[in-house]
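Notes for the structure review
Below are the chains, spelled out letter by letter.
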Amino acid sequence: MKPNREKVAYVFDGSLEGFYTAVFMAFRDKTEPSRFLAANAGQQIPLLEQLRHAPADPALAARVDLGVAKRSGAKNACMLKLAFRSGQEDVLLLIWRYLCRLFDCPDGSFCRNMLDPDVWDVLQAARRVKREVHRFHGFVRFRKTADGFWFALIDPDNDIVDLLIPHFRGRYAARPWVIYDARRNRGIWYDGKKSHDVVLENKAFSLSDGTLPPAAVADDEEHYCRLWQHYYHSVSIAQRPNQRQMKAAMPRRYWKYLPEKQSGHRQ
Amino acid sequence: MKEKVLQKLRVLADAAKYDVSCSSSGSSGGGGSTRSAGICHSFTEDGRCISLLKILFTNHCIYDCTYCVNRRSNDRPRAAFTAKELAGLTGEFYRRNYIEGLFLSSGVMVSPDHTMERLNEVVRILRQQYRFGGYIHMKTIPGADPLLVQEAGLLADRLSVNIEIPTEQQLIRLAPEKNFSSVFRPMDQINREAGISRQERKKHPKAPRFAPAGQSTQLIVGATPETDFTILKLASGLYRQQQLKRVYYSGFMPVNSHDARLPALQKPPLVRENRLYQADWLMRFYHFRFDEILDEKNSQLDLQLDPKLAHALRNPQLFPVDLDKAPYELILRVPGIGVRSARIIMANRRHGHIGLSQLKRMGVALNRARYFICCRELPAAAASLYPEQIKQRLLKKGEGQCRQLALF
């Protein structure tokens, strides 16, 4: 980081395009970003820092993305986009630092040494996002609605809901479903052929356990949910309890939308 | 009707829970969306992954194997599904994303052939009527007709035959109706037919697959006096000759009221089971041969030390390893360095010296590794200790070791 540069906080719209625009502006203006603020995340806007708004500009964002791909390959550009989805607080500054060093190094050799701390941290952030996508291939729970829809509520650490599309599209070929991210208030609606982004206005579901009102679910939904809860408790071997391992593999924060972990159904 | 299914589910899931082999990995795109890495959908209170609906078709059994909870002389509630019920249940669980597929096993009802026919029927309904593309793991019933085994192989992703007891003499003592040939005959058949199918598919990519996720087996540990050396030797042979994907080890659980032919245990031997899994990992991912882990003289795994550490302490001439120069196989032998770290070291050491901070970053267990590597920042003295001294230091520090192991 060069000394004596002006410290500026950049405000962007929360999208990758917005972020790359802010990055472009910071490079152009030779400032040192003190932080990147996603306007939609409801973060406190600091009073004492100088603020600059970065309205998303596809052309500028594309130049940053292209620069990354040129120096370090398309795969690495994808890795950075994955890291951007991380819910980790400091991730945007980590990516900024990574980009600074990458653009300082025309042959891109910098990012090939993954043991460099600046590279490692970004790789780890991307890795955690990928890992959560894999976890949610298992932790999504669909409920059948009365009108033949399948609905699932999730609350992941990272912004991954659209990364779940290929897996579930392949699994349930022509069936319509919605997977909704409760925290980020956006979801994916797959109509049996194509997927769409959705934001639900009337939230009929319960945010505390993901259930739908009884009138909205299909008749047999409750039955299969109960079978599953009983199954879950029947296959555990009581003589070898290991709660620690269970919680390490399935942290408590993921439990609220898993029917088998809902208390009150314990046997 | 609904209550009946619930009752059956409880009885038959409870009866299936002692079979530990239940991962869903290794089928590269059979019909639907089975992935090469297994997906866990939930984890039970005993820390194990739920990937498949693990269930018995029936727990009625004509056999009387002493180690089995479903033996005919046990007074337990018995139940049996119909093929349709079980296929329907699997389909509905799969649609809600509760499970990755079905793990279907069964007690032996009427005869092995009769039972195997029922199992095949369940899977046929799933695949053909429901167009079920999920993962299916089936047990083949020892003694069933080879034609039935063949049909099963064409429907399922993975087949398995449980050996249960590691030597034939002991198997016959505990399960008088079984012998090794009833286990190894189907195993060899599955291996043979899977090989033929692979060859065929090279010529015609549309040729039918036979058990594309291979086969596995389970060994019960601690019910009989076999040593760990015998068990690992058997497992190693199974991996090489029968080309098994996995051997599972299940610590003997005293599930029956006491039988004089079985040892009286209070608790299943969990630490020993864990050590066997560690040794199994060494054979499958760390290029160890079974006779490097144990030999006739040291025929039991050390319960205090993990097998890799024990190997390092018995072979001080291999160490210290220079991480900047040593070949991959040797780096893999350093206690505390795993496959992932070893790969990172190999890929990155040309960019610079591998130091302590880098090792820490990749998650190497330095408390163990430090005695077996040379590295500028480490005092040379650490790597020149005698094996006995290292052992004492590690045991003193690592009461944690034992606790950590009980985890598995």
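Bear in mind that the values here come from a model prediction, so they are computed numbers and not experimental data.

Further remarks concern the packing of helix H2 (residues 83–95) of chain B against helix H3 (residues 112–129) of chain B. Residues and elements named next belong to chain B. Interhelical geometry of H2 versus H3 gives an angle of 45° and a closest axis separation of 9 Å. Relative to H3, the element H2 is oriented oblique. Two packed elements cross with a definite hand, and for H2 against H3 that hand is right-handed. On the side of H2, the interface is formed by Ala83, Lys84, Leu86, Ala87, Thr90 and Gly91, while H3 contributes Glu121, Val122, Ile125 and Leu126.

Residues and elements named next belong to chain B. On domain assignment, one finds that chain B holds domain 1 (2–293) and domain 2 (307–406). The straight-line distance from the C-alpha centre of domain 1 to that of domain 2 is 37 Å. Between domain 1 and domain 2 lies a buried interface of about 1,200 Å² when both sides are counted; carbon and sulfur atoms form 63% of it. Taken as a group, Tyr286, His287 and Phe288 account for 41% of the area that domain 1 buries against domain 2, more than any other trio of residues on that side. Viewed at the interface, domain 2 and domain 1 are joined by 1 salt bridge. For Glu292, the salt bridge is made with Arg333, and the minimal N-O distance between the two is 3.1 Å. Applying the counting criterion to the domain 1 and domain 2 interface returns 5 residue pairs in polar contact (both at pLDDT 80 or more). Contributions of two or more residues to the side of domain 1 that touches domain 2 are made by helix H8 (270–285) and helix H9 (290–293). Looking at which element gives the most residues to the side of domain 1 that touches domain 2, the answer is H8, with 6 residues. Its residues assigned to classes, the side of domain 1 that touches domain 2 comprises 6 nonpolar, 3 polar and 2 charged.

Reading guide: rules and limits
Residues numbered from 1 in each chain as written. Chains lettered and ligands numbered in written order. Predicted model: local features only at pLDDT ≥ 70, side-chain atom pairs only at ≥ 80, totals over all residues. Heavy atoms only, no water. Axes fitted to C-alpha atoms, helices over the stretch in contact; angles between N-to-C directions. Helix = DSSP H or I, 4+ residues; strand = E, 2+ residues; numbered from the N terminus. Parallel < 35°, antiparallel > 145°, perpendicular 65-115°, else oblique. Left-handed = near helix turned anticlockwise from the far one by under 90°. Contact = heavy atoms within 4.5 Å. Domains from an automatic or database assignment. Buried area = accessible area lost by both parts, 1.4 Å probe. Salt bridge = Lys/Arg side-chain N within 4 Å of Asp/Glu carboxyl O. Polar contact = N/O pair within 3.5 Å; in protein donor to acceptor, adjacent residues only side chain to side chain. Nonpolar A, V, L, I, M, F, W, Y, C, P; charged D, E, K, R; others polar.

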